[in-house]
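Analysis of the macromolecular model
Each chain, letter by letter, is given below.
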Amino acid sequence: MKLHELSAHRLHKLIKNREVSVEEIVISLFQRIEKVEEKVKAFLFLYKKEALEEARKWDKRISQGEDIGPLSGIPIAIKDNICLDKKETTCASRILKEFYPPYAATAIERLKKAGVIFIGKTNMDEFAMGSSTENSAFQITRNPWNLETIPGGSSGGSAVAVASGEVPLALGSDTGGSIRQPAALCGVVGLKPTYGRVSRYGLVAFASSLDQIGPVTKTVRDSANLLQVISGKDEFDSTSLDYSVPDYSESLISELKGIRIGLPKEYFIPGIEEEVKKKILTATKVLQDLGARVEEVSLPHTEYAVATYYLVATAEASSNLARYDGVGYGYRTKEKTNLIDMYKKSRQQGFGDEVKRRIMLGTYVLSKGYYENYYGKAQRVRTLIKEDLDKVFQDFDAVITPTSPTVAFKVGEKIDDPLKMYLSDIFTISANLAGIPGISILCGFNKDNLPIGLQILGKAFDEETVLRIAYAYEQNTEWHKRRAEI
Ligand code: GLN
């Protein structure tokens, strides 16, 4: 296999045994990027010069006998809504163009300590609003399995960068499915941690009660290793929680004896593609063969999840995005005008259509006279959705579902129909509303060779079980070995 096809774990072993240098890895990835980036457009920014300098520094340290950790010298891509100090952070929005944060996100600081090499920032739906990465103000990212299809979103750039061999690791963010859904559509591993597991400090806020940063990787082991580094309490984020972080690598055992898994009947609805359904049921059998007990369960409020999410998320977004007024950050209208008009024009010209749609919706649901009927009610339904899951988790260790009702769809297919687009997240958003962890792993392909994702949801702060099930499945199947040919 070529270097760009290897997982971070394999690269680590090669570095450790001095079979390849970090510089060779970085050079090989940039060659790969030169070959495929024009077709897939995963990156908004690339840091070739700095990455090579860092690589040489690592090689020197290694040659001096320094002990290295699992991520030392490993290249990574970062979604462009996570602040890397002094690097342009745009959220794929005109309004943040030329915004250079003076500080780095806590997740980034932790990655620096672990020794990663930053390769670049990846494309995304503007402010992480979308399911196809078509809402970027700058470019359309394409799915390497079929360049006519979208990669999913909003972390589409991160998923594509990993799926097409440009990097072994990436960070994404997940508010309603934005790590898991693109991971599913691109055939890679995407993990949304428990709310509060990873600090949100330095992640540009979309919906603060739902957002989490998480890993996008080729394998489950890499996901565990990356989560290990970014997890844990952070004094800069009061919603990050002080739970001890276990050694995730210990949960990577490839059998499932004693594990109880629920299969929620509400997730096999009309609208789900037949081939997706089939592959999930086949995966279920694999899990059973590995020793898990799988039983049908019910999550009766599932049908309200999409509506609830779009009330809560838009309300929070409208409040979070009020700060972009042309004064403190990024874009300001060039027109000479008075103060109020400057605010208006900067926002009008700076935000894209989907972001404006959500600001309007969010402002409406929070307005006097409607607040109780929409936002208040959504909060109550959110609790019901969480209670459904709590109840199932009294008897089960995990729940499995499809990650997405469909495989990757064509570029342009849903962009003019926001409601259709919103249904892409029907299976992922309950985890955000309930704050629980979820992973998407590859569990097969449809007849057109497009990837299908299996989602595994777990109890809050039980990423270990989620990783264990994912790992056991992966180790006993071959899907993850297939690479997109571009
Ligand atoms: N697709 C969903 C949305 O548009 C989820 C986005 C996300 O997780 N950031 O809101």
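Heads up: the structure comes first, above all this text.
A brief report on the enclosed structure follows.

Quick notes on the pairing of strand E8 (residues 293-297)
In this sheet, E8 lies alongside strand E7 (residues 260-264) in parallel orientation, the contact comprising five bridges. Counterpart to Ile-261 in the pairing with E8 is Val-294. Taken together, E7, helix H8 (residues 274-289) and E8 constitute a β-α-β crossover, and its handedness is right-handed.

Re the sheet that holds strand E4 (residues 169-174)
Read across the sheet, eleven strands follow the order E1-E3-E2-E4-E6-E5-E10-E11-E9-E7-E8 without closing on themselves; strand pairing throughout is mixed. The sheet is open, and its two edges are formed by strand E1 (43-46) and E8, each paired on a single side. Between one strand axis and the next, the sheet turns by 30° as a mean value, whatever way the strands run.

Some points on the pairing of strand E6 (residues 212-217)
By the criterion of burial, E6 is predominantly enclosed, with six of the six residues buried. Bridge count for E4 against E6 is six bridges, and the pairing is antiparallel. Across the sheet, Gly-172 pairs through a bridge with Gly-214, a residue of E6. Two elements, strand E5 (residues 189-192) and E6, share two bridges in a ladder whose sense is antiparallel. By the bridge assignment, Gly-190 is partnered in E6 with Val-216.

Description of a nonpolar patch on the surface
Nonpolar side chains collect at one region of the surface, where Tyr-364, Tyr-370 and Tyr-374 lie side by side and expose about 280 Å² of accessible area between them. With respect to the helices and strands, Tyr-364 occurs in helix H11 (residues 353-365).

Quick notes on the packing of aromatic side chains
Following the criterion strictly, the structure yields 17 aromatic pairs and no others. Relative to Phe-461, the ring of Tyr-243 has its centre 4.0 Å away and its plane inclined at 10°; by these criteria the two rings are stacked. Taken together, the residues span a long stretch of sequence, with Tyr-243 in the loop between helix H7 (220-230) and E7 and Phe-461 in the loop between strand E11 (451-458) and helix H15 (463-475) at a distance of 218 residues. Given a relative accessible area of 47%, Tyr-243 falls into the partly exposed group. Owing to a relative accessible area of 14%, Phe-461 belongs among the buried residues under this scheme. With a centroid separation of 5.8 Å and 45° between ring planes, the pair formed by Tyr-364 and Tyr-374 is classed as tilted. Taken together, the residues span a long stretch of sequence, with Tyr-364 in helix H11 and Tyr-374 in helix H12 (residues 372-395) at a distance of ten residues. The exposure class assigned to Tyr-364 is partly exposed, which follows from its relative accessible area of 38%. One Lys or Arg, Arg-61, reaches over the ring of Trp-58 and ends 4.2 Å from the middle of that ring. Between the NZ or CZ atom of Lys-414 and the centre of the ring of Phe-409, over which it lies, the distance is 4.1 Å.

Considering the side chain of Ser-158
You can see Ser-158 is positioned in helix H5 (residues 156-163). We classify Ser-158 as buried; its relative accessible area is 0%. There is a polar contact of 2.9 Å between the side chain of Ser-158 and the side chain of Thr-122. Excluding residues within four positions of it along the chain, Ser-158 makes contact with Ile-78, Lys-79, Thr-122, Asn-123, Ala-170, Leu-171, Gly-172 and Val-216.

What about the site of the ligand?
Taken together, 15 residues surround the ligand, and among them Gly-176, Ser-178, Tyr-309, Arg-358 and Asp-425 come closest. Note that a nitrogen atom of the ligand is positioned 2.8 Å from one of the backbone N or O atoms of Ala-128. In isolation the ligand offers 290 Å² of accessible surface; the protein chains occlude 100% of this area.

So, the pattern of salt bridges
For the structure shown, the criterion picks out 25 salt bridges. Between Asp-174 and Arg-180 there is a salt bridge whose closest N-O contact spans 2.9 Å. On the basis of relative accessibility, which here comes to 0%, the residue Arg-180 falls in the buried class. Here the salt bridges share partners, and the residues they tie into one network are Asp-85, Glu-109 and Lys-112.

Remarks on helix H3 (residues 48-63)
Side chains that are three or four residues apart share a direction in an α-helix, a result of its 3.6 residues per turn. End to end, H3 covers 22 Å across 16 residues, agreeing with the expected 22 Å (1.5 Å per residue, within 8%). Within H3, burial applies to Ala-51, Leu-52, Ala-55, Trp-58, Asp-59 and Ile-62. Projected down its long axis, H3 shows its buried positions confined to an angular sector of 120°, all on one face. Of the exposed residues in H3, those oriented more than 90 degrees away from the buried face are Lys-49, Lys-57 and Lys-60. If you follow the buried residues of H3, they end up packed against helix H1 (8-16), helix H2 (22-40) and strand E3 (117-122). A positive backbone phi angle near 90° is found at Gly-65, which sits one or two residues after H3.

Details of the environment of Tyr-243
Sequence-wise, Tyr-243 and Lys-233 are ten residues apart; in three dimensions their C-alpha atoms are separated by 7.3 Å. Leaving out residues up to four positions away in the same chain, Tyr-243 has contacts with Arg-197 and Phe-461.

Calculation notes
Residues numbered from 1 in each chain as written. Predicted model: local features only at pLDDT ≥ 70, side-chain atom pairs only at ≥ 80, totals over all residues. Heavy atoms only, no water. Pairing = 2+ DSSP bridges. Helix = DSSP H or I, 4+ residues; strand = E, 2+ residues; numbered from the N terminus. Right-handed = clockwise from strand over helix to strand, strands pointing away. Axes fitted to C-alpha atoms, helices over the stretch in contact; angles between N-to-C directions. Buried < 20%, exposed > 50% of the residue type's maximum accessible area, 1.4 Å probe, protein only. Patch = residues over 30% accessible without salt bridge, like charges linked within 9 Å, V, L, I, M, F, W, Y side chains within 5 Å. Areas by Shrake-Rupley, 256 points an atom, 1.4 Å probe, with all protein chains shown as cover. Salt bridge = Lys/Arg side-chain N within 4 Å of Asp/Glu carboxyl O. Phe/Tyr/Trp six-rings, centres within 6.5 Å; stacked < 30°, edge-to-face > 60°. Lys NZ or Arg CZ within 6 Å of the ring centre and 35° of its normal. Polar contact = N/O pair within 3.5 Å; in protein donor to acceptor, adjacent residues only side chain to side chain. Contact = heavy atoms within 4.5 Å. Near = heavy atom within 4 Å. Expected span 1.5 Å × (residues − 1). Arc of directions from axis to C-beta.

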